[in-house]
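Single-letter residue listing:
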Amino acid sequence: MSVVAIVGRPNVGKSTLFNRLVGRRQSIVHNTPGVTRDRVAGTVRTDDGTFELIDTGGLVPGDDPLGLNDQVHFAVLESDLLILVVDGRQGLVPADEEVWDELRSHGRPVVVAVNKGDTKAAGENFDEFYALGAGAQVLISAEHGLGIEELIDELQETVPLFGTDEEVPESAIAVVGRPNVGKSSLINRLTGGPRSLVSPVAGTTRDPVDTPIVREDGEDLLLVDTAGIRRRSQVTDEPEELAVMMARRQIEKAQLAVLVIDASVGVTSGDLAIAGTIWELGRTVVIAVNKWDLLDEESREHLDESWERLDQILYRPLRVNISCETGRGIDRLLPAIDEALERFRTSLATSDANRLFEVATRRHQAPAPGGRPWNLLYATQVSSGPPTFMLFANRTLPRQDSYRRYLENFARDQLDLRGVPLRLVIRQRRE
Ligand code: GDP
Ligand code: GDP
């Protein structure tokens, strides 16, 4: 999925545009009690598909004259495309040029949104902005909703926003988690020391760098976007919302996610959000419970309590307790990854698949609303990674149907597929 960042000096209308594209402004409650702040990231849904949007204005304090700080640079670095918002009513000002001079070094394609197009001045000043030499321009009004479709069309023209899924290589592993849980430390442990870091400023290479792990005792693995993880780990105070969004991008590129959580903090809502994404995208998972060296009795209890929800979301995933500080448990991580991948790739002969679901329906009869029972006719596995079974029956079952859930869980238990997002496709056939 593409990521688009809205940039520009303060007060040009970035937040107004973000709200216009994402929907109603929702504030999010910060971890610190009593602190709320505006959202900085969101998903834009259009008729053609979805893309992710970052409001960099939400990443800087209001009194910053240019509205550029490290977090803005990192957000730009993580994005595919920029919307440079300028104030059409005021016309081109030196601050616009300064902002663009700073950001152009990242080499991202850009579309200029000349905002406040509801005013007469904006139309008159429109051509001035070509002096920036930034890219295509669109006249919009974020506040009144003018020119928004044209803007999206122009974005789409510049970079295909809704491109097809990249091919996911076999054994591609994403290390994901909230900021500061130890992702970068874990990668160092797994790959033997820090690699050269990619600078966030001029001359940065565009492509995220993956790191292969070549093994004698098992399958070779590819850690995806290790450069990006190291880079991000250097940003102090990375907004969690942004981190969760970036995790989605990494998970899309992998078959398995190592979800790193901080044992001393316990499972948080951010961890659960990432877990939900892993499940939704149909990837498998190993949880690395890191910073085990910091556990005391109290945090241990909290960890156990908060673990339950995560365990439910990911259907009892494989878990390894580790410490990147002391090295504890690190040697158990790769075997756990092997095991999770093996489960993920489970493949059943059609006769076995049939038997499995036949047993399931005999153990527990489907409810028969209106006296019309649900009858299974035939089952077969149609793909693996994740294992997906097609069931032909006298009628389909809705997604949230409890009997469907029973069938899924039965198959998962029988096949010992803990932590695997097994899928059922149910098709109607005449008896
Ligand atoms: P940001 O600092 O770039 O995020 O800017 P804001 O979104 O907070 O907007 C700055 C000011 O411009 C606010 O007072 C908005 O109401 C106003 N504004 C935003 N979009 C428009 C527009 O399309 N037309 C007009 N006339 N004012 C706008
Ligand atoms: P990232 O943001 O998830 O990549 O996290 P980092 O790898 O940058 O680690 C964040 C901080 O946690 C750093 O100060 C690490 O030294 C520290 N850290 C990482 N793993 C451990 C651990 O197992 N135990 C302790 N005590 N600290 C750790």
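Residues numbered from 1 in each chain as written. Chains lettered and ligands numbered in written order. Predicted model: local features only at pLDDT ≥ 70, side-chain atom pairs only at ≥ 80, totals over all residues. Heavy atoms only, no water.

Asks: Looking at this structure, how should I read the pairing of strand 17 (residues 423-428)?
Replies: Successive residues of a regular strand alternate their side chains across the two faces of the sheet. Pairing of strand 16 (residues 388-393) with strand 17 involves six bridges; the strand directions are parallel. Opposite F389, over in strand 17, you have L424 as the bridge partner. What joins strand 16 to strand 17 is helix 13 (residues 402-414), and the crossover it makes is right-handed. (Pairing = 2+ DSSP bridges. Helix = DSSP H or I, 4+ residues; strand = E, 2+ residues; numbered from the N terminus. Right-handed = clockwise from strand over helix to strand, strands pointing away.)

Asks: Can you walk me through the site of ligand 2 in this structure?
Replies: The immediate surroundings of ligand 2 are formed by 16 residues, with N180, K183, S184, S185 and D293 found nearest. Here an oxygen atom of ligand 2 and a backbone polar atom of G182 are 2.9 Å apart. Side-chain polar atom of S323 to an oxygen atom of ligand 2: 3.2 Å apart, as the coordinates give it. Protein coverage of the free-state accessible area of ligand 2, which is 580 Å², stands at 76%. Looking at the shell around ligand 2 element by element, the count peaks at three residues for helix 6 (residues 183-191). (Near = heavy atom within 4 Å. Polar contact = N/O pair within 3.5 Å; in protein donor to acceptor, adjacent residues only side chain to side chain. Areas by Shrake-Rupley, 256 points an atom, 1.4 Å probe, with all protein chains shown as cover.)

Asks: Before we go on, may I ask you to explain the sheet that holds strand 17 in this structure?
Replies: The strands making up a sheet associate through hydrogen bonds between their backbones, and the pairing can be parallel or antiparallel. The mixed open sheet is built from three strands, whose spatial order is 15-16-17. If you trace the sheet from one side to the other, it starts and ends with strand 15 (376-383) and strand 17, each paired once. Strand-to-strand twist across the sheet, computed as the mean angle between neighbouring axes with direction ignored, equals 25°. Bridging between strand 15 and strand 16 involves six bridges; their strand directions are antiparallel. Across the sheet, residue T380 finds its bridge partner in strand 16, namely M390. Across the face of the sheet, helix 12 (residues 350-363) comes into contact with strand 15, strand 16 and strand 17 while running at roughly 130° to strand 15. (Axes fitted to C-alpha atoms, helices over the stretch in contact; angles between N-to-C directions. Contact = heavy atoms within 4.5 Å.)

Asks: Can you help me understand the sheet that holds strand 6 (residues 81-87) in this one?
Replies: Reading across the sheet, the six strands line up as 4-5-1-6-7-8 and stay open at both edges, with mixed pairing between neighbours. Both outer strands of the open sheet, strand 4 (41-46) and strand 8 (136-139), are each paired with one neighbouring strand and no more. If you compare each strand with its neighbour and ignore which way they point, the axes differ by 30° on average. Judged from the six bridges that link them, strand 4 and strand 5 (residues 49-55) form a sheet pairing that is antiparallel. Within the sheet, the bridge partner assigned to R45 lies in strand 5 and is T50.

Asks: Looking at this model, I keep getting lost on unusual backbone geometry. Mind explaining?
Replies: Across the chain, the bulk of peptide bonds are trans and the bulk of non-glycine residues have phi less than zero. Cis geometry marks the peptide bond from G385 to P386; its omega dihedral reads 0°. Looking at the element boundaries, P386 is found in the loop between strand 15 and strand 16. The phi torsion at N11 lies on the positive side, around 75°, for a residue other than glycine. Examined against the element boundaries, N11 turns out to sit in the loop between strand 1 (3-7) and helix 1 (14-22). In this structure, N180 takes a positive phi of about 80° despite not being glycine. Topologically, N180 is positioned in the loop between strand 9 (172-176) and helix 6.

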